[in-house]
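Observations on chain architecture
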Amino acid sequence: MTPEVATPPVTKAVIPAAGLGTRFLPVTKSQPKEMLPVVDKPAIQYVVEEALRAGLDDVLVITGRGKRAIEDHFDRNIELEQLLERQGKHELLAELRETTEVGHIHYVRQHEALGLGHAVSMAREHVGEHPFAVMLGDDIMVDDAVLLRRMLDVHAHFGGAVLALLEVPDEQISAYGSVAVQPVEDGVMHVLDIVEKPAPADAPSNLAVIGRYVLPPAIFPAIDATPPGFGGEIQITDAIGRLVAEQPAHGPVHGVVFTAGRYDIGQKLDFLRANLELALARDDLGPGIAQIIQDLAARGRR
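Below or above, wherever it landed, is the structure these notes cover. Just so it is clear, the model here is predicted, and its values are computed rather than measured. (Residues numbered from 1 in each chain as written. Predicted model: local features only at pLDDT ≥ 70, side-chain atom pairs only at ≥ 80, totals over all residues. Heavy atoms only, no water.)

Quick word on the pattern of salt bridges
Applied cut-off: For salt bridges, the criterion is a side-chain nitrogen of Lys or Arg within 4 Å of an Asp or Glu carboxyl oxygen. Comment: elements are numbered from the N terminus, with helices defined as DSSP H or I runs of at least four residues and strands as E runs of at least two. Residue exposure (1.4 Å probe, protein chains only): buried if accessible area is under 20% of the type maximum, exposed if over 50%, otherwise partly exposed.
Tallied over the full model, the rule gives 17 salt bridges. With a closest N to O distance of 2.8 Å, Arg-212 and Glu-50 form a salt bridge. On the criterion of sequence distance, the pair formed by Arg-212 in strand E11 (residues 207-215) and Glu-50 in helix H1 (residues 43-53) is long-range, its members being 162 residues apart. When its relative accessible area of 2% is taken as the criterion, Arg-212 is described as buried. Each member of the salt-bridge network shares a partner with another, and the members are Asp-40, Arg-282 and Asp-284.

Structure, rendered in structure tokens:
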């Protein structure tokens, strides 16, 4: 990498969690999609833990109507703690208390679902003039925060914005933002252009922008200047496109390519895959889940 630029360290993470979760109706009628259980933890807890492992202990969650369960999850339940204490369930008590000892968590409500760009803009007062990470609440990374730490390192050296990039099949690129890039070094790309949800024939590449970003404070005026785009919403991709077009005025835009560890909890098949794979990796559940899978496979062959 080139010598480090003068940029303040990133200490804050913003987790947009105001989406309606329509793909999981009817369960998300009364349950936030970010609170759907992945084995025995809600999806958003994986995201918060990832932020902490990367050294980001100041977390702002962007919530919306019907999302109070997220706040309750990270709050203390004194009555339940006392009950577990009386019953001598100390291991379970320790696990429960871990959910309330996850750094400084703050909340702000997005009153109207106007898009991811608008949700990110709700963090303006909290982050001020400092760079910050954005971590989508229904995108979990099970990689010990390797990707996020790498992105923070790239930001520390180059400044500007850093995007997580994943190579996807051509027919899937229309579900994501797509970037045109120039390689900088192994796994690090200079972003030259970005397009939101392009048709496969129009995509600049099959590198998709995935739910992790490190953004400079210049993103806020870029969002202000961004009209509603795809789906009638203010897209964060379009706002980042302004930063790309204005390089190097607000610093460069880079991407870090990764290949594994991501689960899109907003998609039913990926949600089920996450539960299976993460349960298989556990000593207490793995053998039982493996047996269930074997039994189902044998039943299917009959």
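What about the environment of Lys-33?
In plain terms, the rule: Whether two residues are in contact is decided by their heavy atoms, any of which lying within 4.5 Å being enough. Polar contact is the term for a pair of N or O atoms within 3.5 Å; when the atoms are in protein, one must be able to donate a hydrogen and the other to accept it, and sequence-neighboring residues count only if both atoms are side-chain atoms.
As for its position among the elements, Lys-33 is in the loop between strand E1 (12-16) and strand E2 (37-38). Overall, Lys-33 belongs to the buried group, its relative accessible area being 16%. Taking the C-alpha atoms as reference points, Lys-33 and Tyr-176, 143 residues apart in sequence, are found 20 Å from one another. In this view, Lys-33 contacts Gly-19, Gly-21, Thr-28, Lys-67 and Asp-138; residues no more than four positions away in its chain are not counted. A polar contact of 2.8 Å, which involves the side chain of Lys-33, links it to the side chain of Asp-138.

What about the layout of surface pockets?
Spelled out, the test is: Using only the protein atoms, space was sampled on a 1 Å grid; points where a 1.4 Å probe fits but cannot get out form cavities, open sets with protein on both sides within 12 Å along at least five of seven lines form pockets, and lining residues are those with an atom within 4 Å of a point. Grid points are joined across faces, edges and corners, and a volume is the space filled by probe spheres set on the points. Amino acid classes used here: Ala, Val, Leu, Ile, Met, Phe, Trp, Tyr, Cys and Pro are nonpolar; Asp, Glu, Lys and Arg are charged; the rest, including Gly, are polar.
There is about 1400 Å³ of room inside the largest pocket. Lining the largest pocket are 50 residues, and of these Arg-23, Lys-33, Leu-136, Asp-138 and Lys-197 lie nearest its centre. Counting residues per element, the ones that place at least two in the lining of the largest pocket are helix H5 (116-121), E11, helix H9 (236-245), strand E13 (262-264) and helix H10 (268-280). Tallying contributions element by element places E11 first for the lining of the largest pocket, with four residues. Grouping the amino acids of the lining of the largest pocket by side-chain chemistry returns 22 nonpolar, 16 polar and twelve charged.

With respect to the nonpolar core
The criterion, for reference: For the purposes of this section, nonpolar cores are sets of buried Ala, Val, Leu, Ile, Met, Phe, Trp, Tyr and Cys residues that join through side-chain atoms within 4.5 Å.
Ranked by internal contacts, the top residues of the largest apolar core, which has 49 residues, are Val-38, Ile-44, Leu-56, Ile-140 and Ile-265. Here Leu-56 is in contact with Val-10, Thr-11, Lys-12, Ala-13, Ala-51, Ala-133, Leu-148 and Leu-152, once residues within four sequence places are set aside. Residues Ala-161, Phe-220, Ala-222 and Ile-240 belong to the second largest nonpolar core, which totals 33 residues.

Considering a nonpolar patch on the surface
To keep things clear, this is the line we draw: A patch is a set of surface residues, each over 30% in relative accessible area and not in a salt bridge, joined within 9 Å for like charges and within 5 Å for the nonpolar side chains Val, Leu, Ile, Met, Phe, Trp and Tyr. Every accessible area reported is derived by Shrake-Rupley at a probe size of 1.4 Å, with residue values counting cover from the shown protein chains alone.
A cluster of nonpolar side chains, namely Leu-276, Leu-280 and Ile-293, defines an oily patch on the protein surface of about 230 Å² accessible area. Tracing the sequence through the fold places Leu-280 in helix H10.

Observations regarding the packing of aromatic side chains
The condition that has to hold: Aromatic contacts are taken between Phe, Tyr and Trp rings whose centres are within 6.5 Å, Trp giving its six-membered ring; a plane angle under 30 degrees counts as stacked, one over 60 as edge-to-face, and the others as tilted. Sitting over a ring, as applied to charges here, requires NZ of Lys or CZ of Arg to be within 6 Å of the ring centre and within 35 degrees of the ring normal.
Applying the stated criterion across every chain, the model contains two aromatic pairs. Between Phe-24 and Phe-271, the aromatic rings sit 5.4 Å apart at their centres with planes inclined by 80°, giving edge-to-face as the arrangement. You can see Phe-24 sitting in the loop between E1 and E2 and its partner Phe-271 sitting in helix H10, a full 247 residues away along the chain. With a centroid separation of 5.4 Å and 5° between ring planes, the pair formed by Phe-132 and Phe-220 is classed as stacked. In this pair, Phe-132 sits in strand E6 (residues 132-135) while Phe-220 sits in helix H8 (residues 219-224), placing the two residues 88 residues apart along the sequence. Owing to a relative accessible area of 0%, Phe-132 belongs among the buried residues under this scheme. With relative accessibility at 2%, the residue Phe-220 sits in the buried group. A cation over a ring is seen here: Lys-41 above Tyr-46, with NZ or CZ 4.4 Å from the ring centre.

Looking at the packing of helix H3 (residues 78-86) against helix H4 (residues 90-98)
So the rule is basically this: Where helices are involved, their axes are fitted lines through C-alpha atoms of the stretch in contact, as for all axes, and angles between N-to-C directions lie from 0 to 180°. Our angle categories are set so that under 35 degrees counts as roughly parallel, over 145 as roughly antiparallel, 65 to 115 as roughly perpendicular, and the remainder as oblique. Throughout, a crossing is termed right-handed when the near helix is turned clockwise from the far one, and left-handed when it is turned anticlockwise from it by less than a right angle.
Where H3 meets H4, the closest approach of the two axes is 8 Å, and the angle between their N-to-C directions is 160°. Here H3 is positioned roughly antiparallel relative to H4, judged by the angle of their axes. Regarding H3 and H4, the two cross each other, and that crossing is left-handed. Residues Leu-80, Glu-81, Leu-84 and Glu-85 of H3 lie in contact with H4, whose contacting residues are His-90, Leu-92, Leu-93, Leu-96 and Arg-97.

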